[in-house]
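# Per-entry structural report
Read off the chains here:
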Amino acid sequence: MTDKSNVPVPEILAPEECWDLLGQTGVGRLAVIADGHPDVFPVNFKVDGGTLVFRTGAGTKQQAIQSDATVALEADAVSSQFGLAWSVVVKGKAAETTPTGPDLDDIRRALFPWQGVGQEHFIRITPESVTGRRFTMNAPLLWQAPLDEATRAGLE
């Protein structure tokens, strides 16, 4: 029999909490269907009035988005110092956009391309759903679970 007393119970987050957490980070993973198969890409994003905006160049992400597919973006964080972890998933339609309004310069600065060039397409995800979970990990769980080097590096 397995002792489940140390298994963290997820707290289901309200959409407002999810948006707060998304606003505190700027990196996530974008999931698209490309050539009939799922694919995942790291992207930096910015929350913009109940939507998410990111930049991309011509290629797989842009082609998948042009096909009017539904996408998902997942962002998360883990704090071993505070024993907290969270994950938020935004699912919705993505379409090319032009950032407008007073946040234009802020969005452009926040979305500076990691490659430095060639990311001329701004993409906006309009959510159909926003879900999230938060986990509180107690100390015994952190110390009893064996950590391989990859997991240890992710927590540090």
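For the structure itself, consult the block above.
Counting starts from 1 at the beginning of each chain's written sequence and moves along it residue by residue. Per-residue local features are limited, in this predicted model, to residues with pLDDT of at least 70; the limit for side-chain atom pairs, both in listing and counting, is 80 or more; totals at the level of whole chains, interfaces and linings are taken over all residues. Hydrogens are left out, water is left out, and the side-chain values use all remaining heavy atoms of the structure.

A run of H or I in DSSP becomes a helix once it reaches four residues, and a run of E becomes a strand once it reaches two; helices and strands are each numbered from the N terminus. Regarding its fold elements, the protein presents five helices and seven strands. Restricting to contacts in the protein with at least 6 residues of sequence separation, those with at least 24 account for 71%. Total accessible area on the protein stands at roughly 9,500 Å², and carbon and sulfur atoms take up 55% of it. It only takes one pair of heavy atoms within 4.5 Å for two residues to be counted as in contact. To measure how exposed things are, a 1.4 Å probe is used in the Shrake-Rupley method; for residues, cover is taken only from the protein chains shown.

When the charged atoms of two side chains lie near each other, side chains of opposite charge can form a pair. Basic side-chain nitrogens of Lys or Arg form a salt bridge, by our definition, when they fall within 4 Å of a carboxyl oxygen of Asp or Glu. In the structure shown here, the tally under the stated rule is five salt bridges. Between arginine 134 and glutamate 11 there is a salt bridge, with its nearest N and O atoms 3.1 Å apart. Of the two residues, arginine 134 is situated in strand β7 (residues 121–136) and glutamate 11 in strand β1 (residues 11–12); the sequence distance between them amounts to 123 residues. Buried residues are those whose accessible area, probed at 1.4 Å on protein chains only, stays under 20% of the maximum for their type, while exposed residues exceed 50% and partly exposed ones sit between those limits. Using a relative accessible area of 37% as the deciding quantity, one classes glutamate 11 as partly exposed. Linking glutamate 17 and arginine 134 is a salt bridge whose minimum nitrogen-to-oxygen distance equals 2.9 Å. Note that glutamate 17 is positioned in helix α1 (residues 15–24) and arginine 134 in strand β7, a separation of 117 residues in sequence.

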